[in-house]
Amino acid sequence: MNIVKFIPIIDTLINYDKRNFRFDLIAALTVAVVALPQTMAYAMIAGVHPAYGLYSGIVLTIIASSFGSSNQLATGPTNAICLLIASYMIPFAGSENFFGNLFLLTFLVGAIQLTMGVLRLGSLVNYVSHAVIVGFTAGAGIIIAMGQLNNLMGITLTNGHLSSIGKVIACFQSIDKINYHAFSIGIFTMAVIIVLKGINKNLPGALLGVILSVLLVMILGLEKYGVKVVGQIPQAIPPLSIPNFTLSAIGDLGTGAVVIAIIGLVEAVSISKAIASKTHQKIDPNQEFIGQGMANLGGSFFSSIAGSGSFTRSAITYQNGGKTRVTGVLVGLIILIVLVFFAPFARYIPNASLAGVIMLVAYSMIDKKALAKVLTTNRNDAAVLLVTMLTTVFAPHLEQAIYAGVAISLLLYLKDSGVATVRTLEPVRGNDGQFVEQIGNGQDTSISILQLEGNLYFGSSADLDKKLSDSYSNSKVFLIRFKSVLIIDITALEVIEGFINRALEEEKRVILSGVTPKILRMLDKMHIVNHVGQENIFMEDDEVFATSGKALDEASSFVRNVSYKTEKRSAQAY
C-alpha cells in the first residue's frame, strides 16, 4: 500500500505552500474557540465529564485530519453521535467498567469504519437517504433539548436514568425546586450567543457566553447558591486508556457500534461533499472512512469518546479560509495548549451555561429549510422524514429510528420501482420513406411495437406481465424493443418468454431489437434465442434508432410476404 496515499498528511506537508499557513492558523484559532465549549457540552450529552469532550476534540481532530480525504472536515464529538453514545451506555451506568466499555465502544466504531474504508465500501452511505438524515437530526435536536432542561433549570433529578421525555415530565413535576440562579445563568448564556450572532456571525458567541458565566460564578460566588459547575478538569494531555476487551462487552456494544459507525460516516461524507462543492476538492469516501476509523481507533486509547465530522466546525473552517488539512491538526494542538495551561479556570463553568449552549445547538440541528423542502417536494420523502423523526423522539432506542427510516425508504422505493414501463407504438412512413414510430391509437395494426423501458426485475414482473397481456393484439408481428434496460432478471425474462411463446404458438413473428450483449447472454441461457431465431434479434446499435429501423424493415418485409402468400392461396382456391 502506498503510505503517502494512506496517510494524506504526509503529501500535504511535503508539498505544503507556506503562504497557506496564515489562513490555516486563523481558521484553526477560530474553530478552536468554538470547539472548546462545544466539545465539553457534547460530552455532557454523552453522559460523561466535559474533560472527555476536550480529549476527543484533541485526538480525533488531529488523527482524522491526517488520514481523511477532506481538507476542511473538522472531526470530534458531535451532538447526534454523543446522543447515541448516551443511549448505548445506559446499561453500564454506575458500573465499575463504565469507562472501559465507553472506550471499547469508541474502538469498535473505529474498527468498523476502518474496515469499511479498506474494503472500499464508501458507496454504502448512499443507502441512508437525505430524508432519513434530516428526520433523525431534527428528532435528535428535540430530545437533546429535552434532555438538558433539568440542567438549565438547576433541578436535580433523583429518579435515576430517565428518557428525555421522562426528564421533561420530572422537571415540570419538580418545578417548585427550580434554581433561579442557575436558570438565569443559562438564559444569560443563550442571550449572549443570540445577540452576538445577530451582530456578527463570526463572533465566538458560545465561548464568550461561557467565559462571562464563569466570571459571574467566580465574582458572585454562585456555587454557594446551588449553581452546579463542571468541577475539576485534569491539567494534562489526554491520558492513556484501555478499552474493556471482553467478549461479553463486545457482544453488548456491537449493535450500537455499527449504528454509530454508519451514522458517523454518513455525517462525515455528507459534510465533506457539501464543502467540496464549494472548494471543488475531489472527495474520496473510502479515504474518509479510513480517516474516521483511524481517529476513533486512536482515540479509544487516549480517553476519547466516539466522534464524527462536525458541520458547524467544518463550516467555520471553510468560512475562515482554512486551505489544507493542517488546519485540523492546529485545532487539536490549540485545544491541547488550553487544556494544559488554562484548565483550572474551566472548573467554574456552570452546567446551566453549557445547557444553554446545548439548547441552541439542538435548535440549530433542526434544519427548517431542509424540513420544508422535503415535506413539500415529495410525499415519499416526507413520510420517511416524519417516521424517522417521530421514532427518534419516542422510540426507546435511537437506532430504531435509523432502521425505521431506511426500511420505509426501501419499501417506498420498491413500491415505486414495481411499475414496469411498456409503451405500445406503431410504425408509420416518414416523409423520407423511412419507418418512424408513434404512440399507438389502440387499433390493431400488422406490426405492433412494444417498447420496454428501464430496469426489469422481480419487483416489477407482475406489472410487466399485466401490461404485456393488455398489449397483446391481432398483429402479425410483435417487435419487442429494449430501451435503456440495464438490469433484467430471470423473473422478468420468464414473463417476456411467456409472451413470446404465446405469439409463436399463434404463428406470429417476434422480433427483438435494442438487445445489448448482456441481455443477449441472458436470452441465450434462457433458450429464448433458439425460440425466436437468431435472425430475429437485432443488437443495440451505436446509431440512435438504427437497430429499430432495421427491425422494422424486417417486420414489414415479413408482413408483405404473409399478405402475398395469403392472397396467392385465395386466388388458387378461387
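Note that the structure is a prediction, hence the values are computed from the model and not measured. Here the residue index of a chain counts from 1 through its sequence in written order. Owing to the predicted nature of the model, reporting of local features is limited to residues with pLDDT of at least 70; listing and counting of side-chain atom pairs is limited to 80 or more, with chain, interface and lining totals taken over all residues. Side-chain measures were taken over the full set of non-hydrogen atoms in the model, leaving aside hydrogen atoms and water.

(A) The overall build of the chain, seen in detail. By the criteria applied, helices consist of DSSP H or I runs no shorter than four residues and strands consist of E runs no shorter than two, each listed in order from the N terminus. What the chain contains, in helices and strands, is 24 helices and eight strands. Computed over its C-alpha atoms, the radius of gyration of the chain comes to 32 Å, more than 25% above the 25 Å expected for a compact globule of 574 residues. With the principal axes as the frame, the chain shows a C-alpha extent of 120 × 60 × 55 Å. Using a 1.4 Å probe on the protein chains alone, a residue whose accessible area is under 20% of its type maximum counts as buried, one over 50% counts as exposed, and one in between counts as partly exposed. Within the chain, buried positions represent 53% of all 574 residues. When contacts within the chain are restricted to residue pairs at least 6 apart in sequence, those whose partners lie at least 24 apart make up 81%. Working note: accessible area of the chain is about 27,400 Å², and carbon and sulfur atoms make up 61% of it. Taking the average place of the 41 positive charges on the side chains of the chain and the average place of its 37 negative ones, the gap between the two points comes to 10 Å. In this treatment the radius of gyration is a C-alpha quantity, and the globule benchmark scales as 2.2 Å times the residue count to the 0.38 power. By definition in these notes, contact holds between two residues if any of their heavy atoms fall within 4.5 Å. Per-residue and other accessible areas were derived by the Shrake-Rupley procedure at a 1.4 Å probe size, with only the shown protein chains allowed to occlude residues. Working convention for charge: Lys and Arg count positive, Asp and Glu count negative, and His plus the chain ends are omitted. We put the charge of a Lys on NZ, of an Arg on CZ, of an Asp on CG and of a Glu on CD.

(B) A look at unusual backbone geometry. The backbone of Arg120 shows a phi angle near 55 degrees, a positive value even though the residue is not glycine. Assignment of secondary structure puts Arg120 in the loop between helix H6 (98-118) and helix H7 (130-147). Unlike most non-glycine residues, His527 shows phi in positive territory, near 65 degrees. Tracing the backbone shows His527 in the loop between helix H22 (517-525) and helix H23 (528-532).

(C) Quick peek at the side chain of Asn296. For Asn296, the location among the structural elements is in helix H13 (residues 285-299). In this structure the side chain of Asn296 is engaged in a polar contact, spanning 2.9 Å, whose partner is the side chain of Gln113. Apart from the residues lying within four places of it in its own chain, the contact partners of Asn296 are Leu60, Thr106, Phe107, Val109, Gly110, Gln113, Ile305, Ala306 and Gly307. Side-chain atoms alone can form a polar contact between residues adjacent in sequence; in general such a contact is a pair of N or O atoms within 3.5 Å, and within protein one must be able to donate a hydrogen while the other accepts it.

(D) Spotlight on the packing of aromatic side chains. When the centres of two rings from Phe, Tyr and Trp lie within 6.5 Å, Trp using its six-membered ring, the rings pair. Their planes under 30 degrees apart give stacked, over 60 give edge-to-face, and anything left gives tilted. This structure, assessed with the given rule, holds twelve aromatic pairs. Counting every residue linked through ring pairs, the aromatic cluster contains Tyr52, Tyr55, Phe98, Phe99 and Phe103. Lying across the ring of Phe23, Lys323 places its NZ or CZ 5.2 Å from the centre. Counted as over-ring charges are cases with an Arg CZ or a Lys NZ within 6 Å of the ring centre that also lie within 35 degrees of the ring normal. Over the ring of Tyr348 we find Arg347, and its NZ or CZ is 4.6 Å from the ring centre.

(E) Fine view of the confidence of the model for the chain. Averaged over every residue, the pLDDT of the chain is 86; residues scoring 70 or more account for 90%. Per-element confidence in the chain ranges from a low mean pLDDT of 51 for strand S4 (residues 435-439) to a high of 97 for H6. How sure the predictor is of each residue is captured by pLDDT, a score from 0 to 100. Confidence over residues 432-436 falls short of pLDDT 50; this stretch has twelve contacts with residues more than four positions distant or in other chains. In this model residues 564-574 is a low-confidence stretch, pLDDT under 50, and it forms zero contacts with partners more than four residues away in sequence or in other chains.

(F) Representation of the pairing of strand S6 (residues 477-483) within the structure. The element S6 is extensively covered by neighbouring structure, given that six of its seven residues are classed as buried. Strands are treated as partners if at least two bridges between them are detected by DSSP. Sheet analysis places strand S5 (residues 447-453) next to S6, joined by seven bridges and oriented parallel. Considered in S6, the bridge of Leu452 is made with Phe482. Whether a crossover is right-handed depends on one test, that the path from the first strand over the helix to the second runs clockwise when the strands point away from the viewer. Of the crossover connections in this fold, the one passing from S5 over helix H20 (residues 458-471) to the parallel S6 is right-handed. As paired strands, S6 and strand S7 (residues 509-515) are joined by five bridges and run parallel to one another. Each residue of the ladder has a partner; that of Leu479, found in S7, is Ile511. What joins S6 to S7 is helix H21 (residues 490-505), and the crossover it makes is right-handed.

(G) Structural context of a positive patch on the surface. The patches reported here contain residues having more than 30% relative accessible area and no salt bridge. Joining distances are 9 Å for like charges and 5 Å for nonpolar side chains (Val, Leu, Ile, Met, Phe, Trp, Tyr). Every case where a carboxyl oxygen of Asp or Glu lies within 4 Å of a side-chain nitrogen of Lys or Arg is listed as a salt bridge. Judged by side-chain charge, Lys197, Lys201, Lys368 and Lys369 come together as a positively charged surface patch. Looking at the secondary structure, you find Lys201 in the loop between helix H10 (180-199) and helix H11 (205-220). For Lys201, a relative accessible area of 72% corresponds to the exposed category.

(H) Examining the packing of H6 against helix H12 (residues 247-279) more closely. Across the interface, H6 lies against H12 with an axial gap of 8 Å and an inter-helix angle of 55 degrees. Between H6 and H12, the angle is such that the two are oblique. Crossing angle aside, the handedness with which H6 passes H12 is right-handed. Here H6 contributes Asn101, Leu104, Leu105, Leu108, Val109, Ile112, Gln113 and Met116 to the contact with H12, which in turn contributes Ala249, Ile250, Leu253, Gly256, Ala257, Val258, Ile260, Ala261, Gly264 and Leu265. The residue classification treats Ala, Val, Leu, Ile, Met, Phe, Trp, Tyr, Cys and Pro as nonpolar and Asp, Glu, Lys and Arg as charged. All others, Gly included, are polar. A breakdown of the residues in the contact of H6 with H12 according to their chemical character gives 14 nonpolar, four polar and no charged. In this analysis, axes come from line fits to C-alpha atoms, helices being fitted only over the stretch in contact, and the angle between any two N-to-C directions falls in the range 0 to 180 degrees. Here is the rule for angles: anything less than 35 degrees is roughly parallel, anything more than 145 is roughly antiparallel, 65 through 115 is roughly perpendicular, and the remaining ranges are oblique. Here a crossing is taken to be left-handed if its near helix is turned anticlockwise relative to the far helix by less than a right angle, and right-handed if that turn runs clockwise.

(I) Expanded view of helix H17 (residues 368-377). Of all the positions in H17, only Ala370, Leu371 and Val374 are classed as buried. Taken end-on, H17 shows its buried residues confined to a sector of 100 degrees, consistent with a single buried face. Structural note: H17 exposes Lys369, Lys373, Thr376 and Thr377 on the side pointing more than 90 degrees away from its buried face. Tucked inside the fold, the buried residues of H17 contact H7 and helix H18 (379-394). Taking the backbone nitrogen of Lys369 as reference, a side-chain oxygen 3.3 Å away marks Asp367 as the first, capping residue of H17. Directions pointing from the helix axis toward each C-beta atom define the arc.

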